[in-house]
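Descriptive analysis of the structure
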Amino acid sequence: MMLERWKHHEGKEIDVFEEFKVLTSEVISKTAFGSSYLEGKDIFEKLSKMVFLVSRNTLRIRLPDLLGLLVEAYNDTDEKSRITLEDVVDNCKTFYVAGHETTTSLLSWTILLLAINREWQDKLRKEVLGLFGEQNPTAEGFARMKQMTMVINETLRLYSPAPGFTREVQWESKLGRLVLPANLTLIISILSLHIDPLIWGEDVHLFNPERFSGGVAKATNNNPAAYLPFGLGPRNCVGMNFAINEAKIALSMILQRYTFTLSPTYIHSPVWQLVLRPENGIQVMLHPLYMYQGVHWVQNSLKINIKSK
Ligand code: HEM
């Protein structure tokens with residue numbers, strides 16, 4: 001649906017942040033709730049507004065079949081483990097928000113970084129076309145997407161959709177020279193870890209996916225707590241693989257069809273409103289890879305050589 005809409009924007013500007021909001025809503029609605037964005041548009045719009053008011057919370061249920069599990073828990077014969085209708089609704093909201101805003105943010109920042117780092121955009125396009133040609137991307141291909149994984153990792157480092165997460169101190173504990181009282185809430189700043197030159201080196205502020213060429217462990221010097229886009233430990237993100245696969249599908253399908261450059265109207269202003277989002281959207285210019293000439297679709301010669309691998 002999104003790519004169909006984009007056909008009307010060829011050669012023109014498009015705000016990818018707005019586009020990805022609809023796309024990721026559609027995806028989470030269909031996969032988790034079996035409905036579509038349009039069917040639940042009003043509810044989803046209200047939930048999006050609520051994002052300003054809610055903070056990440058209490059969901060204790062994992063994919064898949066989220067709704068089924070919630071309904072099961074609601075109908076539980078054991079009164080102690082039964083949840084209320086309000087709990088069902090609350091958990092649906094969390095799932096919707098957690099699974100939608102974060103992936104929108106990841107996709108949007110990746111497009112921004114690829115629009116201004118054209119050599120990486122070209123590299124990814126070659127990788128995608130080498131693996132899938134013009135066919136739809138497949139799950140088997142994802143594991144072989146080395147450069148795409150590097151770019152996603154680097155985007156998540158620089159523009160972590162969730163720039164922080166919280167932990168509650170359950171009982172008085174010592175942390176180095178600090179004594180942490182019980183019930184204290186700690187905010188773990190993912191972003192400060194991701195831009196620490198002691199961990200990443202002097203080029204910490206530069207977009208350099210190459211740093212992930214040997215994998216995350218090598219990039220972090222085997223320090224699993226240095227890179228936390230999806231949190232850490234038993235309460236880490238349940239949607240990590242879902243989000244990464246969704247991003248790989250969407251990016252592959254865009255790269256198969258378009259080159260994109262940053263629009264002069266773009267104003268850089270990342271803000272942390274539950275997720276790290278571009279305050280003014282992300283406007284790019286879309287250039288189709290193929291043009292219809294006479295009776296044939298031909299490669300747009302102004303763009304890159306898409307045949308080379
Ligand atoms: C790029 C996309 C995403 C990012 C960066 C992200 C990041 C995070 C982070 C940092 C946490 C907190 C982890 C912790 O406290 O250790 C979290 C939790 C969570 N995420 Fe994600 N997330 C993403 C996508 C998703 C998706 C697609 C879903 C669902 C479909 C999802 C569902 C959840 C849930 C339910 C939790 C709470 C887990 C718990 O408390 O046990 N997330 N996420």
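With their axes 10 Å apart at the nearest point, helix H5 (residues 85-116) and helix H8 (residues 146-158) run at an angle of 105° to one another. By the criterion of interaxial angle, the relationship of H5 to H8 is roughly perpendicular. Residues Leu 106, Trp 109, Thr 110, Leu 113 and Leu 114 of H5 form the contact with H8, whose own contacting residues are Val 151, Ile 152, Thr 155 and Leu 156. Of the residues that constitute the contact of H5 with H8, the class distribution is seven nonpolar, two polar and no charged.

Turning our attention to the nonpolar core. In this structure, Trp 6 and Phe 260 are the most contacted members of the largest nonpolar core, which totals 48 residues. Secondary-structure elements contributing two or more residues to this core are helix H1 (2-6), helix H2 (16-33), H5, helix H6 (118-132), H8, helix H12 (240-257), strand E6 (258-262) and strand E9 (283-288). Ranked by residues supplied to this core, first place goes to H5 with eight residues. Not counting the four nearest positions on each side in its chain, Phe 260 is found in contact with Ile 111, Leu 114, Ala 115, Arg 118, Gln 121, Arg 125, Ile 254, Leu 255, Val 284, Met 285, Leu 286 and His 287. Formed by five residues, the second largest nonpolar core is a distinct cluster that contains Leu 70, Ala 73, Ile 83 and Cys 92.

The next thing to look at is the site of the ligand. Lining the immediate environment of the ligand, one finds 25 residues, of which Thr 102, Arg 167, Leu 232, Arg 235 and Cys 237 sit closest. A distance of 2.7 Å separates an oxygen atom of the ligand from a polar side-chain atom of Arg 167. Leu 232 places a main-chain nitrogen or oxygen 3.1 Å from an oxygen atom of the ligand. Contributing elements (two or more residues each) for the shell around the ligand: H5, strand E2 (164-168) and H12.

Calculation criteria
Sequence order as written defines the numbering, with residues in each chain counted from 1. For a predicted model such as this one, the threshold for reporting local features is a pLDDT of at least 70, and the threshold for listing and counting side-chain atom pairs is 80 or more; totals across whole chains, interfaces and linings nevertheless cover every residue. Water and hydrogen atoms were dropped before computing side-chain values, which therefore reflect all heavy atoms in the structure. Whenever a helix is involved, its axis is fitted only over the stretch in contact; in every case the axis is a line through C-alpha atoms, and angles between N-to-C directions fall within 0 to 180 degrees. Numbering of helices and strands runs from the N terminus; a helix is a DSSP stretch of H or I covering at least four residues, while a strand is a stretch of E covering at least two. Each angle is binned into one of four classes, with values under 35 degrees roughly parallel, values over 145 roughly antiparallel, values of 65 to 115 roughly perpendicular, and all other values oblique. A contact between two residues is defined here by any heavy atoms of the two lying within 4.5 Å. We call Asp, Glu, Lys and Arg charged. Ala, Val, Leu, Ile, Met, Phe, Trp, Tyr, Cys and Pro are nonpolar, and the rest, Gly among them, are polar. As used here, the term nonpolar core means buried Ala, Val, Leu, Ile, Met, Phe, Trp, Tyr and Cys residues forming a set that is joined through side-chain atoms within 4.5 Å. Relative accessibility decides the category of a residue: with a 1.4 Å probe and only protein chains considered, values under 20% of the type maximum give buried, values over 50% give exposed, and everything between is partly exposed. Being near a molecule or strand, for a residue, comes down to having at least one heavy atom within 4 Å of it. Polar contact is defined as a pair of N or O atoms within 3.5 Å, subject to the rule that within protein one atom must be able to donate a hydrogen and the other to accept it, and that residues adjacent in sequence are counted only when both atoms are side-chain atoms.

So far we have only geometry, and geometry alone does not tell us how the molecule works.
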